[in-house]
Amino acid sequence: MRQHITLREVGLRDGLQIHPTFMPTEDKLAWIAAEAASGMREIEVTSYVPPKLIPQFADAEAVTLGALRIPGLTVAALIPNLRGAQRGIELGVHKLNFVMSVSETHNMKNVRRPPADSVIDFRAIVELIKRQPANQRPIIVGGLSTALGCSYEGRVAVSQVVKYATQLVEAGADEIVVADTVGYADPNQVREVFKAVLAEVGKIPVAAHFHDTRGTGLANVSAALDCGITHFDASLAGLGGCPFAPGASGNIVMEDLCFMLDSMGFDTGVDIERLIEVRSLIARSLPDIPMQGALAKAGLPRNYVMAAARAVSA
Ligand code: ZN
């Protein structure tokens, strides 16, 4: 049995949130449908932030409801607070991703409260979810951004990452996401942080969320795989960028990640060629958005055989 790696597309949220041009709702839904058809089983489709804060997500309700009509797709959304959780529950979204920053300065700038207060907010969100009928409870994810570095504070202590991961799990998180929000991480640091987090909260899924801002993205994935991480975020065409580094690369590129994992013999469930075709939907809809991706430029290696077929013939 090949080991399965769980992938989550985050381009519609992390990728689009800093892009000034609104992607029409029907284009977002076409992207979601096409990527789901390529085998992507989980997509973070939007963010329940106030539309006046990020107009790109003014259609959060329509995008969520459209995505929920796709059979077999886990529909996730980011929530900044309790109000966001309420919106998600009312819509019937499958998974809510709560995000707080490990870095005090980053959290203050983002949500105007210290990280300890964000943990209190998270407890209230979990209480709200627990009050829902069992069959209507979304999975609640605790996300730790700036866990591998902060654009205000620089290095972030591993002990702080472990502390907040532990507190989110004690508060009731079903999963944890550890994020290198600004793309500072290197593979050695990834091993150090993820080993420490897994030692404390490894009983629940721990996902890695890397940005390729400084070119270390896939190397960091490899380091996380070595630690036993099997859940990864990425975005199609590496959409994402970084508000602190204009013109920089964004999230790790989903197509390149799928190729690397498939080459290594992991099972992603994704048809890489169909995934690459989805890029054209984005290029048509947002001609001005920067698109990354080595595989899309170079193509698959000559006579490349997908891991699933290799496994059959072996
Ligand atoms: Zn991110």
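Now for a look at the structure at hand. In this numbering scheme, every chain counts its residues from 1 along its sequence in written order. pLDDT decides what is reported in this predicted model: residues at 70 or higher carry local features, side-chain atom pairs at 80 or more are listed and counted, and totals for whole chains, interfaces and linings draw on all residues regardless. To get the side-chain values, take all heavy atoms of the structure and skip hydrogens and water.

1. Re the overall build of the protein
- Each helix and strand counted, the protein has 13 helices and 8 strands in total.
- Restricting the calculation to C-alpha atoms gives the radius of gyration, and the globule rule supplies 2.2 Å times the number of residues raised to the power 0.38. On C-alpha atoms alone, the protein measures out to a radius of gyration of 18 Å, which is about the 20 Å that the 2.2 N^0.38 rule sets for 314 residues.
- For the C-alpha atoms alone, the extent of the protein along its principal axes is close to 55 × 40 × 40 Å.
- A simple rule labels every residue: compare its accessible area, found with a 1.4 Å probe on the protein chains alone, to the largest value its type can have, and call it buried under 20%, exposed over 50%, or partly exposed in between. Here the protein, with 314 residues, has 52% of them falling under the buried criterion.
- Whether two residues touch is decided by their heavy atoms; if any such pair falls within 4.5 Å, the residues are in contact. Considering only intrachain contacts with a sequence separation of at least 6, the fraction spanning at least 24 residues in the protein is 73%. We count a stretch as a helix when DSSP gives it H or I for four or more residues in a row; a strand needs E for two or more, and each element gets its number in order from the N terminus.

2. Some points on the pairing of strand S7 (residues 206–210)
- Of all 5 residues that make up S7, 5 are buried, and the element is covered over most of its length.
- With burial as the criterion, each face of S7 is covered, one bearing Val206, Ala208 and Phe210 and the other bearing Ala207 and His209.
- With 5 bridges connecting them, strand S6 (residues 175–180) and S7 associate as parallel partners. For aspartate 180, the partnering residue across the bridge sits in S7 and is phenylalanine 210.
- Call a crossover right-handed when, viewed with both strands pointing away from you, the route from the first strand across the helix to the second goes clockwise. In terms of handedness, the path from S6 via helix H8 (residues 187–201) over to S7 forms a crossover that is right-handed.
- Two strands form a pair only when DSSP identifies at least two bridges running between them. Examined bridge by bridge, S7 and strand S8 (residues 231–234) share 3 bridges and lie parallel to one another. From the neighbouring strand, alanine 207 faces S8, where its bridge partner is histidine 231.
- Each parallel crossover has a hand, and the one from S7 via helix H9 (residues 217–227) to S8 is right-handed.

3. Here we look at the coordination of the zinc ion
- Listed donor atoms are N, O and S within 2.8 Å of the metal (Na, K and Ca: 3.2 Å). As water is not included, a site may look incomplete. The zinc ion binds to the protein through Asp14 (OD), His209 (NE2) and His211 (NE2), with metal-donor distances spanning 2.0 to 2.1 Å.
- Sequence spacing of the donors to the zinc ion: D-x194-H-x1-H. Placement of aspartate 14 in helix H1 (residues 11–15) and of histidine 209 in strand S7 is noted, with a sequence separation of 195 residues between them.

4. Some details on unusual backbone geometry
- Positive phi, normally seen in glycine, also occurs at threonine 146, with a value near 50 degrees.
- Among the structural elements, threonine 146 can be located in the loop between strand S5 (139–145) and helix H7 (158–171).
- Its identity as a non-glycine residue notwithstanding, asparagine 303 has a phi of 60 degrees, on the positive side.
- Looking at the secondary structure, you find asparagine 303 in the loop between helix H12 (294–298) and helix H13 (307–313).

5. Side note on the packing of aromatic side chains
- Here the aromatic set is Phe, Tyr and Trp, taking the six-membered ring for Trp, and pairing holds for ring centres within 6.5 Å; pairs whose planes are under 30 degrees apart are stacked, those over 60 apart are edge-to-face, and all others are tilted. Per the counting criterion, the structure on display carries 3 aromatic pairs.
- Measuring from ring centre to ring centre gives 5.2 Å for phenylalanine 98 and phenylalanine 122, while their planes differ by 45 degrees; the resulting arrangement is tilted. Here the residue phenylalanine 98 occupies a position in strand S4 (residues 95–101), and phenylalanine 122 occupies one in helix H6 (residues 115–130), the gap between them amounting to 24 residues. Per residue, the accessibility class of phenylalanine 98 equals that of phenylalanine 122, and both read buried.
- Centre to centre, the rings of phenylalanine 194 and phenylalanine 210 are 6.0 Å apart; their planes meet at 65 degrees, and the pair counts as edge-to-face. Within this pair, whereas phenylalanine 194 is found in helix H8, its partner phenylalanine 210 is found in strand S7, the two being separated by 16 residues in sequence. Residue phenylalanine 194 shares its accessibility class with phenylalanine 210, and that shared class is buried.

6. What about H7?
- Here H7 contains 14 residues, and its C-alpha end-to-end distance of 20 Å stays within 8% of the 20 Å for a straight helix at 1.5 Å per residue.
- Three or more residues of H7 are buried, namely Val161, Val162, Tyr164, Ala165, Thr166, Leu168 and Ala171.
- On its buried side, H7 packs onto S4, H6, S5, S6 and H8.
- Looking one or two places after H7, you find glycine 172, whose phi comes out positive at around 120 degrees. Between the first and last residue of a helix there are one fewer steps than residues, each counted as 1.5 Å, and that sum is the expected span.

7. Observations concerning the nonpolar core
- Among buried residues, those of type Ala, Val, Leu, Ile, Met, Phe, Trp, Tyr and Cys that are joined through side-chain atoms within 4.5 Å constitute a nonpolar core. Leu7, Val178, Phe194 and Phe232 are the most contacted members of the largest nonpolar core, which has 85 residues in total.
- If we skip the residues at most four places from it in the chain, phenylalanine 194 touches Leu148, Val178, Val206, Ala207, Ala208, Phe210, Cys227 and Ile229.

8. Notes on the pattern of salt bridges
- Note on definitions: salt bridges are taken to be side-chain nitrogens of Lys or Arg within 4 Å of carboxyl oxygens of Asp or Glu. Summed over the entire model, instances satisfying the criterion amount to 13 salt bridges.
- Measuring nitrogen to oxygen at the nearest pair gives 2.8 Å for the salt bridge that ties lysine 95 to glutamate 175. One end of the pair, lysine 95, is in strand S4; the other, glutamate 175, is in strand S6, with 80 residues separating them in the sequence.
- Members of the salt-bridge network, linked through shared partners, are Arg8, Glu42, Lys95, Glu175 and Asp233.

Read these as layout, nothing more, since geometry by itself doesn't imply function.
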